[in-house]
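Structural overview
Listed below are the residues making up each chain.
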Amino acid sequence: MLKLALQGMRTRWVTFVGSFIALALGVGLIATTGLALAATFSAPERGPERFVKAPVVVKTSDLVRVDTPIGERTRTITDPAPVPAAVTAKLAALGRTVEDRTFPVTGRGLGADTVGHPWSVAALTPYALTGGRAPSAPGEAVATGDALRPGTRVRAATPRGSEEITVVGTVASAGFENALFFTDAEAARISPDVDAVAVHAPADRVEAAVGAGFDVLTGDERRRADPDPDRDAEALVSVNALLGTAAGVTGFVSVFVVASTFSFAVAQRRREFGLLRTAGATPAQVRRMVFTEAFVIGVLASAAGCSLGAAGAPRLAAWMVDAGIAPAWFRIGEQTWPLHTAFWTGLFVALSGVVVSSWRAGRIGPTEALRESAVDSRAMPVSRWLIGGAVLAAGLGLLALALLDSPADLLKRKTYVTQPMLLIVGFALFAPVLVGPLNRLLTWPPARLPGATAMLARENASAGIRRTAAVAAPVVITVALAASLMGTTATISGAKADEARERITADLVATAGGEGRALPEEFLRRARAVPGVTVSATRSTGVTVLEEGVALVTSEAEAVDPAAHAAVSRPPVVAGRLADLDDDSIVVNEEWLTTEVGDRVSVWLGDGRTADLRIAAVLATGTGDNGVYVTERNAAGAPVDRVDLALPRDGADSAASVLGAAAEATGVQLLTGDRWVDAHYPRSGENTRLGLWLILGIALVYTCIALANTQMMATSDRVRDLASLRLTGATKGQVLRLVAVEALVVVAAGAVLGAVIAGVNLLGVWSALGLLGVWSGVVVPWGTVAAVIGASALLATAASVLPASLALRVRPVELAGTRE
């Protein structure tokens, strides 16, 4: 059987080369994304950075710890309290101490997210002077890196206001922060609160001195006092989600298209199977031969795909680093399990792809097989009808269930990326019965024109339904994914922007330019001094609640003055009143477990304090940006990071001019409400776009190659049909034009099916937004869809015309006389 299979593979090498390439590429893509995904499972081990030279570091505890029936649960709070002066005095009595303060510094020429520290802390990293001298007077500072040279003067904004700073020295960058080091006295003036204390004393004595509520850090635990100590793990979360989604999409596309390619390759050989049955082969022998061929192709192609994956994974990781999707240290590890997974997946797909077709080939009789070899009289067996109906019903049912039960889930990336899969499979399984009517509909107007090209293209596509469905399948997948992914993200981003624009009624919005960075107190003082201007200061904080007794969940919260906030905002209140918010209450959204106005909820505030607060109002869930509101008293430690301003009716221009001058003097970014929304709610983030293009690019490359393989296989199998056209009087140009038109018709049919699938998905997203109270328009990515269809049409045409052109170089009489 193996010898017979190898002889058949040598004879029909075009068919098997196409299957080999399709499977090898699929396995290669699975291996590539699998290796990259495996590299996200663990962040690199990092030691302390800012406090390497500090024996012991003391800071206020930033963890909420709760014992639950399933074990202790912890959560990091957003605004830990500073170290009290009484504690710093106790520590100073134990030995030499260094008080650390960290505060934002903004100004032209300064790097993003620049922070200020006392100069005494620099020795703990340790930073060493590379030029100039240490600061010795107010207004002097030492800068990290080489962007600022000694003698440079910058206008910088700090929490105490705007002032001229002279750079008197530089230190080499440590890679984890952009910093300015001031004298200890100047840093204490700008930021009186002590964030951490480095102590040169035994840890046990330090613990005894500070008592409960403080973290005494030694060894590697000192990294918990570093800026964003969990940034490595957090950076991998988004990379993991992206690669997990890409791996899922890659696996789906490759399995589906490879199975379709193998199934078509077997369907092409019905005449051959009929001849074998006539020669006395039993159905079991035919099946064994087909499985042997698939096994050989599966082993060879899977091995080749694993080699491609091992070579491609480092390049994928390097691209993600260059694009800013992954952190600079991201590398492919030594894991081998993704290669094993990809290999066995490829072999399984190869064998699975021939199960149904080989079973059908073994069942039909010799005479029936020879008669059916010319025209596909029965496009779909009963089993395919049942499976296709079940899959399509499941896809539509899950979509409807999500709309009825939890429409917000449809706005999550994992959901809207995976949701189209069942619909794609369902529609693709029905492709043999859908492409026929679509072909006739699309070719009906051209077929009425003079000439036989359109009519012949329609009849050829209708006669070879299996061939047409196999060619259309990659187009269906690519168009459906392109329109669904890009359209859904653009629609959700647009809805978020519309919701924010509806919520904000302020004339002007002031921020410090960076996410969560504190505004200078000087700007607040000057803004409140402008007559007639309503100033609503917002402090971003967090509120943690224990849900169902087992899970600590932290929600983003805003601390506001209810009366002032009502003048600059229109939050979507569905119950209660925002004006009823006070120090004993909280405003929640509909996602909370308890949403009855008047009920009380126990929470941990941003500084770790516990509070039992009454629900004053409930907000609609919306797109997920409607958070929690508390008062300023319940957000101790959280700085003001945004100010909404309502101008007076009389003298608005004058007030705006004064506010603009105050913003310029303090380094604050001042925008109108609409411009602030445009700046903070773009259509989609850069990383999101790059991630989606990664997913779509993988699917596009694979389906295009699968499309080319299928077209070449189909065209090579029609050599005798093309020769017959030549013998009836058609010129070579007419035959090639017919082949090209037929390819375009099939691509058009696939594009229509893909567009229908995308339309169903986008309709589901639009309905979900409506159920959440956000009626925003659907954004259709016409440019992306047009590019995908154009690329598919060009590739399908070239993949059919080129082999046909090569075949027609032989005399038609010789071609017509060839036999398989």
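Before any of the text, the structure's been laid out above.
Parameters and conventions
Residues numbered from 1 in each chain as written. Predicted model: local features only at pLDDT ≥ 70, side-chain atom pairs only at ≥ 80, totals over all residues. Heavy atoms only, no water. Helix = DSSP H or I, 4+ residues; strand = E, 2+ residues; numbered from the N terminus. Buried < 20%, exposed > 50% of the residue type's maximum accessible area, 1.4 Å probe, protein only. Contact = heavy atoms within 4.5 Å. Pairing = 2+ DSSP bridges. Axes fitted to C-alpha atoms, helices over the stretch in contact; angles between N-to-C directions. Arc of directions from axis to C-beta. Left-handed = near helix turned anticlockwise from the far one by under 90°. Nonpolar A, V, L, I, M, F, W, Y, C, P; charged D, E, K, R; others polar. Core = buried A, V, L, I, M, F, W, Y, C linked by side-chain atoms within 4.5 Å. Phe/Tyr/Trp six-rings, centres within 6.5 Å; stacked < 30°, edge-to-face > 60°. Lys NZ or Arg CZ within 6 Å of the ring centre and 35° of its normal. Salt bridge = Lys/Arg side-chain N within 4 Å of Asp/Glu carboxyl O. Expected span 1.5 Å × (residues − 1). Parallel < 35°, antiparallel > 145°, perpendicular 65-115°, else oblique.

Counting its secondary structure elements, the chain contains 26 helices and 24 strands. Counting every position in the chain, which comprises 820 residues, the buried fraction comes to 51%. In the chain, the share of contacts with a sequence separation of at least 24, taken over all contacts with a separation of at least 6, comes to 81%.

What follows deals with the sheet that holds strand S13 (residues 196-199). Ordered by their spatial adjacency, four strands build an open sheet running S4-S13-S1-S14, and the pairing between neighbours is antiparallel. Both edges of this open sheet fall to strand S4 (97-100) and strand S14 (214-217), since each of them pairs with a single strand only. Here the average twist between neighbouring strands, direction ignored, is 20°. Sitting on the sheet, helix H6 (residues 203-210) is in contact with strand S1 (56-60), S13 and S14, with an inclination near 175° to S14.

Of all the residues in helix H21 (residues 673-680), the buried ones are Gly 673, Trp 676 and Val 677. Projected down its long axis, H21 shows its buried positions confined to an angular sector of 100°, all on one face.

A few words now on the packing of helix H24 (residues 732-771) against helix H25 (residues 782-807). The relative placement of two packed helices is expressed as an angle between their axes plus a distance between the axes. In contact at an axis separation of 9 Å, H24 and H25 are set at 150° when each is read in the N-to-C sense. Remark: the crossing between H24 and H25 carries right-handed chirality. Mapping the contact onto sequence places Lys 732, Leu 736, Val 739, Ala 740, Ala 743, Leu 744, Val 747 and Ala 751 in H24 and Ile 789, Ser 792, Ala 793, Ala 796, Thr 797, Ser 800, Val 801, Ala 804 and Ser 805 in H25. Of the residues that constitute the contact of H24 with H25, the class distribution is twelve nonpolar, four polar and one charged.

With that out of the way, let us pick up the nonpolar core. Within the largest apolar cluster, 89 residues are counted, with the highest numbers of intra-cluster contacts made by Leu 243, Val 253, Met 320, Phe 330 and Leu 481. Considering each element in turn, this core owes the most residues, 16 residues, to helix H17 (residues 465-503). Every residue in contact with Val 253, bar those within four places of it in the chain, is listed here: Ile 477, Leu 481, Ala 699, Tyr 702 and Thr 703. Of all hydrophobic cores here, the second largest spans 20 residues; its members include Leu 519, Leu 524, Ala 527 and Val 535.

Our focus in this paragraph is the packing of aromatic side chains. Throughout the structure, instances matching the rule amount to seven aromatic pairs. An aromatic cluster is built from Trp 119, Tyr 127 and Phe 181, whose rings are joined through pairwise contacts. Against the face of Trp 676 rests Arg 642, its NZ or CZ located 4.4 Å from the ring centre.

This paragraph deals with the pairing of strand S3 (residues 71-76). Of the pairings in the sheet, the one linking strand S2 (residues 63-68) to S3 comprises six bridges and is antiparallel in character. The residue of S3 that forms the bridge with Asp 67 is Glu 72. Between S2 and S3, which pair antiparallel one after the other, the connecting turn spans two residues.

Relative to the assigned elements, Val 321 resides in helix H9 (residues 283-322). It is 9.0 Å that separates the C-alpha atoms of Val 321 and Arg 331, two residues lying ten residues apart in sequence. Here Val 321 is in contact with Ala 326, Pro 327, Ala 328, Phe 330 and Arg 331, once residues within four sequence places are set aside.

You can see Ser 792 is positioned in helix H25. Judged by its relative accessible area of 2%, Ser 792 falls in the buried class.

What follows deals with the pattern of salt bridges. A full pass over the atoms with the stated rule returns 26 salt bridges. For Glu 186, the salt bridge identified is with Arg 189, shortest N-O distance 2.8 Å. Taken together, the residues span about one helical turn, with Glu 186 and Arg 189 both in helix H5 (residues 184-190) at a distance of three residues. When its relative accessible area of 41% is taken as the criterion, Arg 189 is described as partly exposed. Here Arg 577 ties to Asp 580 by a salt bridge, and the two come within 2.8 Å at their closest N and O atoms.

Our next topic: H25. With 26 residues, H25 extends 37 Å between its outermost C-alpha atoms, agreeing within 8% with the 38 Å of an ideal straight helix rising 1.5 Å per residue. Looking only at H25, the buried set comprises Thr 784, Val 785, Val 788, Ser 792, Ala 793, Ala 796, Thr 797, Ala 799, Ser 800, Ala 804 and Ala 807.

Note the cis peptide between Thr 125 and Pro 126, where omega equals -5°. Within the secondary structure, Pro 126 sits in the loop between helix H4 (119-122) and strand S8 (129-132). The residue Glu 548 is not glycine, and still its phi comes out positive at about 55°. Glu 548 gets classed as exposed once you look at its relative accessible area, which sits at 66%.

This part covers the pairing of strand S19 (residues 585-589). In terms of residue burial, S19 counts as a mostly covered element, since five of its five residues are buried. Both faces of S19 are covered, namely the face carrying Ser 585, Val 587 and Asn 589 and the face carrying Ile 586 and Val 588. Note: S19 against strand S21 (residues 610-619), five bridges, orientation parallel. Along S21, the bridge assignment pairs Val 588 with Val 618.

Mapped onto the fold, Ser 191 is located in the loop between H5 and S13. The residues contacting Ser 191, other than those within four sequence positions of it, are Arg 101, Thr 102 and Phe 103.

Contact pair H9 / helix H10 (residues 337-352): the axes reach a minimum separation of 8 Å and the direction vectors enclose 150°. With respect to H10, the element H9 is oriented roughly antiparallel. Relative to H10, H9 is oriented so that their crossing is right-handed. Judged by residue contacts, Phe 291, Ala 294, Phe 295, Gly 298, Val 299, Ser 302, Ala 303, Cys 306 and Ala 310 of H9 engage Leu 339, Ala 342, Phe 343, Gly 346, Leu 347, Ala 350 and Leu 351 from H10. Here the contact of H9 with H10 is composed, by residue class, of 13 nonpolar, three polar and no charged.

Moving on: the environment of Leu 581. If you trace the backbone, Leu 581 turns up in the loop between strand S18 (573-576) and S19. Counting along the chain gives 20 residues from Leu 581 to Asp 561, while the straight-line C-alpha distance between them is 8.6 Å. Beyond its immediate sequence surroundings of up to four residues, Leu 581 is in contact with Val 560, Pro 562, Ile 586, Val 587, Ala 616, Tyr 629, Val 630 and Thr 631.

This part covers the environment of Pro 138. Tracing the backbone through its elements, the reader meets Pro 138 in the loop between S8 and strand S9 (140-144). Taking the C-alpha atoms as reference points, Pro 138 and Ile 165, 27 residues apart in sequence, are found 8.5 Å from one another.

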